[in-house]
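What follows is each chain in one-letter form.
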There are 2 protein chains.
Amino acid sequence: MKNAAGVELPEFIKGYGEVKPFAGAFAGYGQVRKVAVRLDSVQPGKTKLLESIDEAIEKVNLRDGMTISFPSHLRNGDYVINQVMEVIAAKGIRDLHLAATHIFPIHEPLVDYIKRGVVTGLSASYISPGAVAKAIMKGYLKNPAVLRSHGGRPRAIEGGELHIDVAFIGAPTADAYGNINGVQGKAACGTLSYGIADAEYADKVVVITDNLVPYPACPIEISQDYVDYVVTVDSIGDPSGIVSGTLSVTKDPVGLRIASLAAQFIDEAGYIKDGMSFQSGAGGTSLAVTAEVRKRMKEKKVVGSFAAGGVTGYIVDMMNEGLFRSVFDVQCFDLKAIASYRDNPKHQGMSGSLYGNPNTKGALVNNLDIMILGATEIDTDFNVNVITGSDGIIMGGSGGHNDTAAGSKLAIIVTNLIKGRLPVVKSKVTTVATPGETVDVLVTERGIAINPRRSDLIEKLKDSALPLVPIETLREMAERLTGVPKPIPFSDEIVAVVEYRDGSVIDVVKKPLD
Amino acid sequence: MKNAAGVELPEFIKGYGEVKPFAGAFAGYGQVRKVAVRLDSVQPGKTKLLESIDEAIEKVNLRDGMTISFPSHLRNGDYVINQVMEVIAAKGIRDLHLAATHIFPIHEPLVDYIKRGVVTGLSASYISPGAVAKAIMKGYLKNPAVLRSHGGRPRAIEGGELHIDVAFIGAPTADAYGNINGVQGKAACGTLSYGIADAEYADKVVVITDNLVPYPACPIEISQDYVDYVVTVDSIGDPSGIVSGTLSVTKDPVGLRIASLAAQFIDEAGYIKDGMSFQSGAGGTSLAVTAEVRKRMKEKKVVGSFAAGGVTGYIVDMMNEGLFRSVFDVQCFDLKAIASYRDNPKHQGMSGSLYGNPNTKGALVNNLDIMILGATEIDTDFNVNVITGSDGIIMGGSGGHNDTAAGSKLAIIVTNLIKGRLPVVKSKVTTVATPGETVDVLVTERGIAINPRRSDLIEKLKDSALPLVPIETLREMAERLTGVPKPIPFSDEIVAVVEYRDGSVIDVVKKPLD
C-alpha cells in the first residue's frame, strides 16, 4: 500500500507489527487515549536507595524480552546506557527492547549487545552517524529499529504503544527518595524533559545519579511519587558531550546568504511582530538565521512571546535583551542555557509531551509562529529527509523536526542547494521524516521556493525582490550542477521504521545492497 | 460487617455502592493502577478561548448525571462554584455529582440546587459548618456525600473511582491557550496543587480566570496540554476568604500549655535534630507548637530538611531563618506564603497526589517526621474525629489529617481535654476520620498519652518528667469534669460516607433523629 506521503509500504513488518500508514499530517487528531499505569505503591518507612545497578536490576525483576528506557539529555556525554547495559549483559538477560531518546558514538558498546542478542529492538528520536547506525543498516538488530519524533516518543509511551517495563533515568542530582533535577551536580544538563513520560508511565523507574543530595532535592523536576529506586554511580556522564556539532553562527558566506534570505522572507511575510514566537535548530546556518531575526526584531523594537527548543545561550541572550518574554526548553544545549534555566523563572522547562505530542490538548509547537529547520534532502513535494544520508545510511532522526513543522505557522527549511557534491533538492527524498504538507518554505542560496499550498504567502510576497522560484527550478539548478545521482540500490529488508509523530508509518529504511 | 476501626457498616450503601471496609491503615498498599484517560487532542490553529461559562458548558456537552469538579484553594473566597452552578441550573441540567475540594459558607446557593435535584451527589475533602452541611444532614442530597482526604481525592481520581466528566478550574492567571498559575492576578492564591489530578484525568477541563494574560503565562503550574477551554469572568474569588479561622499563635493559656508540653515531648523523643521535617495545622494551638519547636530548633542550632502543609507566613519565616532548607506547599494560607511560593525556589508546590496519595511510589507525607494535628474528638483507641461535631453534624473533613498521620513518624494530636463543656477524649468517637493505629501521641493540658503501639516512645520517655498518663486516664478526667455525654440519637439513614485515604470506608455519618 502507498501512504499519504507517496511511500510504498507493506501491511505488516516482521518484528514491528501491523503498519498504520501515514494518512496526512493532521489525520491523527481527534479522540485519543492515554493508557492505564500499573505501579507498586510505596508505604512509609521503605527505603529506595540501593547499593548498585545490579541490585536495581534484581529489584525490578528485569527479564528477557522486556523494554527498558534511557531518556537522556547528555547526548554524546551519556554514560548511563553503557553502564546499565554492561550489568544487564553480564547477568545473561536477553532480547531487550532499548527505548532510548538518543544514540551517539559513545554508545558503540551497544553494537556488541545487538550482535549477541542482548538487545533485539531499539527505538530512539535520534541516531547519530556511527557504529550503532551502521550495525542497524547491516541488519544485526533482530527487529527493525523504530524512529520517533520528540513528540512521537512520549505519545507512544502515554498511548501504550511503547510500554516501558523499566526506565533508567540518569539524574545529575537526586535525593535518596527519588526527587531529581538536572541543574545541579557535575553532570548538570539542564531540563530533564525527555524523561517525564518515562517516569510517569514505566512500570518501574530507577534513578541513577552521581550527585546524591540530602532530602529533599531542590528544585524538583521529576518527583518521588514516580520513582521506585535510586542508585548512585561515580559518573552519569560528561556534559561537554551534549554538544556534538557547532553552536556558533556560521562564517560560511553561503550559509550567511541563506540566513539573510530567510530573515528577509520572514520579515516580508509579516512574521516579525509583537508577540511572535520562534524556534530554530542549533546548526550554524540556523543560528545565522536567528542572528538576522534578532537584528530585525531590535530594529522594529518587537517583543516576542517566546522562543523554544533545544536552547542555546544565543536564545538566552535574546530573552535577556527583552526580545522574548520567555523561553520554553526541552534540551539545554550549553552552559548558559543550563544556568538560565536554573536561575530565571522565565526560562521554563517543558516535558517532551508538552513540546510536541499531538495526542494532548495542545502541544507547544501549536503556538509556534516561525520554525527554522535543516534538511538532508528535500523533494519537490517539500517532503524532508533528516533520517538518512545520501548513501541511505541512518545519520539522524526527526528529533523535533516533524513536530515543529506540523505545529508552526511558518516552517522554513534552510539548506545549501548542494552538499558534498550532491543535490539536496531532489525529485524524491531517500527517506521521508517530515511531510511536505507541513513545510512552508525552502530557502537556499540560489533561491526561495514557497510551498504552493501556501497561496497566502505567494500572494503576500508577489511583489517581493526576493529570488522566489518554483521548487522544481531549484531541483533543476541542483541537478544541473551535480548531475542526477544514481539511486541507491536497496534490498527489501527493512532495518528501520520511521514513524510520524502520530504513530503512523511515514517511511521505512531498507538495508542497502552490498 | 465491622471494619478494622471497629465501625459497623452495611455491605452496600444506596447511592454510593459496594462498601470496601477499612482494613487497616496500610492494607491498601501494593500493586495499584492509575486509570486510562480519554481526551480530544487539539490541533494547531484551534482556539480555546470562549465567550462565557454558558458557551463552555455547551462545548463540553455537559449532560444530566455527569460529574463536575471544582478544585479550589480560595476556600471561603471561591466564586467559581456559584457562578458555574448558576449557569448549569439555568440550563436545566440535573442530577450532577459535584466533586469539590472544599465547601464553605459561601457555597450556600448549593442548598437550593441540592433541593431541586440539580446536584444529587457531593464529594469533598472538607465541608465547613454551614448551610450545605446542614442540608446534607437533613438528607436533602439524593446520594450520600463522600468525604475524602487530600491524598484520597487525587487517588480516587487517578484510580478511576472518581471519574470527572468536566473539571472547572479557577485560575488566578491564565493565557488563552490554558496555561495557568496561582501566583499572579487579583485572586492570587498561591499553589494550584489540588487541581492537578483534575486537570490530568478529567475528560474535559475548563479554566475560568479573571486575569487573562498574553501567551504564555509564566510561571506555568498547570499547562496547556491538559486544558480544553478558557473562559474569563469578572472575578473568580476573594483571596481574603482563604483564611477562615485564626492564623496566629494562640494567647489562650491552656493552648500555650498544650503547645509547651507537645514541644517538650517532641524534644525528649529525639525529634529535634538536623534533617528533621515538620508540619502542623494553622490553628492557634498548632501554631503555638510550631513557635515552641522554632525556639528549640534555634537553641539547638538545628537545620531541618523541610516543612510542609498548608503553609503560613510563620513557616516561611522559619525557612528564611535557616531552620528548614525547603518548604512543600499544597495550600498557601496567607499573603506571605503566596509571595514566598512565587519568589523563592526553595518554597515548592506539590500536587495533592504528591502530598498524600497512598497509591503512588511515595507521597511526601511518608517523609514527614513530626505532624501536629487537631481533633474534635479522640477515643481511647486513639481514633480521631475531625468530621462531625459533638452534635453529630458535619463540620469539617479529613483534609490532610489521615494522610499525614499515616505518613509521619510522630503524629501528635494537640487538643484541650474539654471543649464547649464536652469531653474531647471519649470511649468512642462519633465519626472516625483517622485510625488510632496512625496516631502516636495525644497532648492535652492535663496530660500526655502515648499510643501503646509506640513502645519505643514509651521506653524512651520512661524517665521523663512530662505528665505521661494512659489515655483512659484522660478520658476519666474529662468525663469526671463534664459527665458522660448522652449518645446522639441517629436514624439509620446514611447521609455521608467517610473514605479512608485508600478508598476503603472507615465510617459513615447518619442523619440525627429529630
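An unreviewed UniProt entry lists chain A under the name Citrate lyase alpha chain, with Acididesulfobacillus acetoxydans given as the organism.

## Re the overall build of chain A
If you tally the helices and strands in chain A, you get 14 helices and 31 strands. Taken along its principal axes, the extent of the C-alpha atoms in chain A is 70 × 55 × 45 Å. Residue burial in chain A is summarised as follows: out of 514 residues, 64% are buried. Put simply, of all contacts in chain A between residues at least 6 apart along the chain, 72% involve residues at least 24 apart. Element-wise, carbon and sulfur atoms account for 50% of the exposed surface of chain A, whose accessible area totals about 17600 Å². Once the 53 positive and 59 negative side-chain charges of chain A are each reduced to a mean point, those two points are 3 Å apart.

## Some details on the domain arrangement of chain A
All names here are of chain A. With domains assigned, chain A is organised as domain 1 (50-242) and domain 2 (253-488). Computed from C-alpha atoms alone, the centre-to-centre distance between domain 1 and domain 2 is 29 Å. At the interface, 29 residues of domain 1 touch 30 residues of domain 2. When domain 1 packs against domain 2, the two sides together hide about 2300 Å² of surface, and 65% of this comes from carbon and sulfur. The interface formed by domain 1 and domain 2 includes zero salt bridges. Linking domain 1 with domain 2 are 15 residue pairs in polar contact (both at pLDDT 80 or more). Taken together, the elements giving at least two residues each to the side of domain 1 that touches domain 2 come down to strand 10 (126-127), helix 4 (131-137) and helix 5 (152-159). The element best represented in the side of domain 1 that touches domain 2 is helix 5, accounting for four residues.

## Here's the deal with the interface of chain B and chain A
Contacts between the two partners involve 57 residues from chain B, matched on the other side by 57 residues from chain A. Buried surface at the junction of chain B and chain A, summed over both partners, amounts to about 4700 Å²; 53% is from carbon and sulfur atoms. Linking chain B with chain A are two salt bridges. Here Asp228(A) and Lys361(B) are joined by a salt bridge, their closest N and O atoms 2.7 Å apart. Where chain B touches chain A, the interface holds 32 residue pairs in polar contact (both at pLDDT 80 or more). Counting residues per element, the ones that place at least two in the side of chain B that touches chain A are strand 3 (31-34), strand 4 (37-40), strand 15 (204-209), strand 18 (304-311), strand 19 (324-332) and helix 12 (401-407) of chain B.

## Brief notes about the pattern of salt bridges
All names here are of chain A. This model, assessed by the stated rule, comprises 56 salt bridges over all chains. Here Lys409 and Asp369 are joined by a salt bridge, their closest N and O atoms 3.2 Å apart. Within this pair, whereas Lys409 is found in the loop between helix 12 (401-407) and strand 24 (410-414), its partner Asp369 is found in the loop between helix 11 (352-356) and strand 21 (370-373), the two being separated by 40 residues in sequence. The class for Lys409 is partly exposed, based on a relative accessible area of 43%.

## Notes on the environment of Asp198(B)
Residues and elements named next belong to chain B. Topologically, Asp198 is positioned in helix 6 (residues 195-201). A C-alpha to C-alpha distance of 41 Å links Asp198 and Val254, two positions 56 residues apart in sequence. Discounting residues that sit within four places of it in the chain, Asp198 has contacts with Ser69, Pro71, Arg153, Ile157, Ile164, Ala167 and Val205.

## A few points about helix 2 (residues 80-90) of chain B
All names here are of chain B. Burial within helix 2 is extensive, with eight of its eleven residues counted as buried. Among the residues of helix 2, Val80, Ile81, Asn82, Val84, Met85, Val87, Ile88 and Ala89 are the ones counted as buried. Phi turns positive, to about 80°, at Gly92, one or two residues after helix 2.

## Considering the side chain of Ser286(A)
Residue position: Ser286(A) is located in helix 8 (residues 284-299). Sequence-distant contacts of Ser286(A), defined by excluding residues within four places in its chain, comprise Ser280(A), Gly281(A), Ile372(A) and Val414(A).

## Things to note about the environment of Arg148(A)
Residue and element names in this part refer to chain A. As for its position among the elements, Arg148 is in the loop between strand 11 (145-147) and helix 5. Distance in space between the C-alpha atoms of Arg148 and Thr101 is 8.9 Å, their sequence separation being 47 residues. Reaching out from Arg148, the side chain makes a polar contact with the side chain of Glu499 at a distance of 3.0 Å.

## With respect to the relation of the copies chain B and chain A
By a simple turn and slide, chain B fits onto chain A: the slide is 0.0 Å along the axis, the RMSD is 0.0 Å, and the turn is 180°. Within this description, the copies of the chain are treated as partners about a two-fold rotation axis. Relative to the rotation axis, the closest C-alpha in chain B is found at Ala36(B), a distance of 2.0 Å. Comparing interface residues between copies, 100% of those in chain B also sit at the interface in chain A, which points to an isologous, same-surface contact.

## Describing the pairing of strand 12 (residues 166-171) of chain B
All names here are of chain B. Counted residue by residue, strand 12 has six buried out of six residues, so it is predominantly covered. Burial along strand 12 is two-sided: Val166, Phe168 and Gly170 and Ala167, Ile169 and Ala171, pointing in opposite directions, are all buried. Here strand 6 (residues 67-70) pairs with strand 12 via two bridges, running parallel. Residue pairing across strands places Ile68 opposite Val166, the latter belonging to strand 12. Strand direction decides the pairing type here: strand 12 and strand 15, joined by six bridges, are parallel. Within the sheet, the bridge partner assigned to Gly170 lies in strand 15 and is Ile208.

## Re the packing of aromatic side chains
Under the definition given, this model contains 16 aromatic pairs over all chains. Centroid distance Phe278(A) to Phe324(A): 6.5 Å. Interplanar angle 20°. Geometry classified as stacked. Of this pair, Phe278(A) sits in strand 17 (residues 277-280) while Phe324(A) sits in strand 19 (residues 324-332); the two residues are 46 residues apart in sequence, bridging distant segments of the chain. Phe324(A) carries the same exposure label as Phe278(A), and that label is buried. Here the aromatic rings of Phe26(B) and Tyr29(B) are separated by 6.2 Å at their centres, their planes lie at 25°, and the arrangement is stacked. Lying across the ring of Tyr177(B), Lys48(B) places its NZ or CZ 4.1 Å from the centre. Above the plane of the ring of Tyr271(B) lies Lys273(B), whose end atom (NZ or CZ) is 5.9 Å from the centre.

## Describing the sheet that holds strand 22 (residues 377-379) of chain A
Strands sit in the order 23-22-27 (chain A) across an open sheet of three strands; the sheet is mixed. A single partner strand is all that each edge strand has here, and the edge strands are strand 23 (384-385) and strand 27 (425-426) of chain A.

## Here's the deal with the nonpolar core
In terms of nonpolar packing, the biggest core is built from 135 residues, with Met85(B), Ile88(B) and Ile378(B) touching the most fellow members. With seven residues, helix 2 of chain B is the single largest residue contributor to this core. Judged by nonpolar contacts, the second largest core, of 134 residues, contains Ala89(A), Met137(A), Cys189(A) and Tyr355(A).

## Thoughts on the side chain of Asp203(A)
Within the fold, Asp203(A) resides in the loop between helix 6 (195-201) and strand 15 (204-209). Side chain to side chain, Asp203(A) and His163(A) meet in a polar contact 3.0 Å long. Non-local contacts of Asp203(A), meaning those with residues more than four positions away in its chain, are made with Arg38(A), His163(A), Ile164(A), Asp165(A), Asp228(A) and Lys361(B).

## A few points about the packing of helix 9 (residues 313-320) of chain B against helix 10 (residues 335-343) of chain B
All names here are of chain B. Contact geometry for helix 9 and helix 10: axes closest at 7 Å, N-to-C directions at 45°. By the angle between their axes, helix 9 is oblique relative to helix 10. Facing Gly313, Val316, Asp317 and Met319 of helix 9, the residues of helix 10 in contact are Lys336, Ala337 and Ser340.

About the cut-offs
- Residues numbered from 1 in each chain as written.
- Chains lettered and ligands numbered in written order.
- Predicted model: local features only at pLDDT ≥ 70, side-chain atom pairs only at ≥ 80, totals over all residues.
- Heavy atoms only, no water.
- Helix = DSSP H or I, 4+ residues; strand = E, 2+ residues; numbered from the N terminus.
- Buried < 20%, exposed > 50% of the residue type's maximum accessible area, 1.4 Å probe, protein only.
- Contact = heavy atoms within 4.5 Å.
- Areas by Shrake-Rupley, 256 points an atom, 1.4 Å probe, with all protein chains shown as cover.
- Lys, Arg positive; Asp, Glu negative; His and termini not counted.
- Charge placed at Lys NZ, Arg CZ, Asp CG, Glu CD.
- Domains from an automatic or database assignment.
- Buried area = accessible area lost by both parts, 1.4 Å probe.
- Salt bridge = Lys/Arg side-chain N within 4 Å of Asp/Glu carboxyl O.
- Polar contact = N/O pair within 3.5 Å; in protein donor to acceptor, adjacent residues only side chain to side chain.
- Least-squares fit on C-alpha atoms with pLDDT ≥ 70 in both.
- Pairing = 2+ DSSP bridges.
- Phe/Tyr/Trp six-rings, centres within 6.5 Å; stacked < 30°, edge-to-face > 60°.
- Lys NZ or Arg CZ within 6 Å of the ring centre and 35° of its normal.
- Core = buried A, V, L, I, M, F, W, Y, C linked by side-chain atoms within 4.5 Å.
- Axes fitted to C-alpha atoms, helices over the stretch in contact; angles between N-to-C directions.
- Parallel < 35°, antiparallel > 145°, perpendicular 65-115°, else oblique.

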